Amino acid sequence: AIAHKIAGPSILARWAPGALKEGLDGNSAEGSIQFAYDLANYRSEFVREDGPIVTGFWRGVGATRNLLVLETFIDELAIRAGQDPLNYRLALLTRNDRARQVVMRAAELASWHEPLPPGRGRGIALLYAWGTYMAQVVDLTVGELGDISVQRVVCVVDCGVVVNPDTVIAQMQGGINFALSAALFG
């Protein structure tokens, strides 16, 4: 079971109040409401807590921050269960073939099951938002002083029918660069 409680300001209340639906800021709950995993007991809740700091839209809006939290928690559950993070995710994706396919393809392209040398690590995550499934594998090195160096990011996307593939590629590359900048330097 997972209970995900989001507490924070409503960006839509400040910038687009007409977009609120019965007081719910859909941007704040994106990615959490439409969680892709097969869980018998899952609850997502948004509590509006407006503070003195004016917030605005980030490049990836609500799904990015909510799925960071949820995917990190899936990793913690896998570790607690003594399971490989990939296999743990696949076991929770029995009814969602599109999600399973992007996760399996990302793992295949990243050579997930090949051992890594000392000081190297690899992580996997799944995003489902706006009708799109995306899985990414990050391969990194941790230096002797704890410095992190990203070796590569494998990204697999199933967004349905694509009219201009270059636009999807550019969006993914831009998002990856933005996320790495925020995580490593922001």
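Per chain, residues are indexed from 1 in the order of the written sequence. With the structure being a predicted model, the display of local features is reserved for residues of pLDDT at least 70 and the display and counting of side-chain atom pairs for 80 or more, all residues being used for whole-chain, interface and lining totals. By convention in this description, side-chain values take in all heavy atoms of the structure and omit both hydrogens and water.

Observations regarding helix H5 (residues 97-109)
To keep things clear, this is the line we draw: Helix and strand assignments follow DSSP, with helices taken as H or I runs no shorter than four residues and strands as E runs no shorter than two, numbered in order from the N terminus. By this rule the span expected of a helix is its residue count minus one, scaled by 1.5 Å. In what follows, a contact means two residues having at least one pair of non-hydrogen atoms within 4.5 Å.
End to end, H5 covers 18 Å across 13 residues, agreeing with the expected 18 Å (1.5 Å per residue, within 8%). Those residues of H5 that are buried lie in contact with helix H4 (85-91), strand S3 (120-129), strand S4 (132-142) and strand S5 (148-158). Looking one or two places after H5, you find serine 111, whose phi comes out positive at around 55 degrees.

Quick word on helix H3 (residues 61-80)
The line we're drawing: Categorising residues by exposure relies on relative accessible area from a 1.4 Å probe, with only protein chains included: less than 20% of the type maximum marks a residue as buried, more than 50% marks it as exposed, and the intermediate range marks it as partly exposed.
Taking 1.5 Å as the rise per residue, H3 with 20 residues should run 28 Å; its terminal C-alpha atoms sit 30 Å apart, in good agreement. Buried within H3 are the following residues: Gly62, Ala63, Asn66, Leu67, Leu70, Glu71, Ile74 and Ala78. Just past H3, the residue glycine 82 takes up positive phi, approximately 70 degrees.

Remarks on the nonpolar core
Condition: Put simply, buried Ala, Val, Leu, Ile, Met, Phe, Trp, Tyr and Cys residues joined by side-chain atoms within 4.5 Å make one nonpolar core.
Within the largest apolar cluster, 32 residues are counted, with the highest numbers of intra-cluster contacts made by Val103 and Leu126. Each residue touching valine 103, except ones within four places of it in the same chain, is listed here: Leu86, Leu90, Leu93, Ile124, Leu126 and Ala135.

Description of a nonpolar patch on the surface
Stated formally: For patches, a residue must show more than 30% relative accessible area and have no salt bridge; joins then use 9 Å for like charges and 5 Å for nonpolar side chains, namely Val, Leu, Ile, Met, Phe, Trp and Tyr. Residue-level accessible areas treat just the shown protein chains as cover; the underlying method is Shrake-Rupley with a 1.4 Å probe. Think of a salt bridge as a Lys or Arg side-chain nitrogen and an Asp or Glu carboxyl oxygen that are within 4 Å of each other.
Residues Val142, Ile148, Leu184 and Phe185 make up a contiguous nonpolar surface patch of roughly 400 Å² in combined accessible area. The residue valine 142 is located in strand S4 in this model. Residue valine 142 is classed as partly exposed on the basis of its relative accessible area of 40%.

Here's the deal with the sheet that holds S3
Under the convention used in this document: Think of it this way: DSSP has to see at least two bridges between two strands before they count as a pair. Helix axes are fitted only over the stretch in contact, all axes being lines through C-alpha atoms; the angle between N-to-C directions runs from 0 to 180 degrees.
As summarised here, the arrangement of the 3 strands in space is S3-S4-S5, forming an open sheet in which the pairing is antiparallel. Of all strands in the sheet, those bounded by a partner on one side alone are S3 and S5. Strand-to-strand twist in this sheet, taken as the mean axis angle between neighbours without regard to direction, amounts to 15 degrees. Bridge count between S3 and S4: 10 bridges; the pairing is antiparallel.

Quick word on the pattern of salt bridges
Inspection of every chain in the model, using the stated rule, returns 9 salt bridges. For arginine 95, the salt bridge identified is with aspartate 38, shortest N-O distance 3.6 Å. Highlighted residues: arginine 95 in the loop between H4 and H5 and aspartate 38 in the loop between helix H2 (26-29) and strand S2 (42-48), separated in sequence by 57 residues. Its salt-bridge partner being arginine 89, residue aspartate 75 comes within 2.8 Å of it at the nearest N-O pair. Taken as a pair, aspartate 75 in helix H3 and arginine 89 in helix H4 lie far apart in primary sequence, 14 residues in all. Classification of arginine 89 by relative accessible area gives buried; the value is 0%.

Quick look at the environment of arginine 43
Secondary-structure assignment places arginine 43 in strand S2. Other than its neighbours up to four places away in sequence, arginine 43 contacts Ile2, Ala3 and His4.

What to know about the pairing of S5
Pairing geometry for S4 and S5, over 10 bridges, is antiparallel. Across the sheet, tyrosine 133 pairs through a bridge with aspartate 158, a residue of S5. Between S4 and S5, which pair antiparallel in sequence order, lie 5 residues; one of them, glycine 146, sits at a positive phi of approximately 90 degrees.

Remarks on the packing of aromatic side chains
As a reminder, the rule being used: Stacked, tilted and edge-to-face pairs are distinguished by plane angle, under 30 degrees for stacked and over 60 for edge-to-face with tilted covering the rest, among Phe, Tyr and Trp rings (Trp via its six-membered ring) whose centres lie within 6.5 Å.
Taken as a whole, this structure holds 3 aromatic pairs when the rule is applied. Their ring planes at 20 degrees and their centres at 4.8 Å tell us that phenylalanine 35 and tyrosine 42 sit as a pair that is stacked.

Comments concerning the side chain of asparagine 27
With respect to the helices and strands, asparagine 27 occurs in helix H2. Excluding its chain neighbours within four sequence positions, the residues that come into contact with asparagine 27 are Ile11, Leu12, Phe57, Val61, Gly62 and Arg65.

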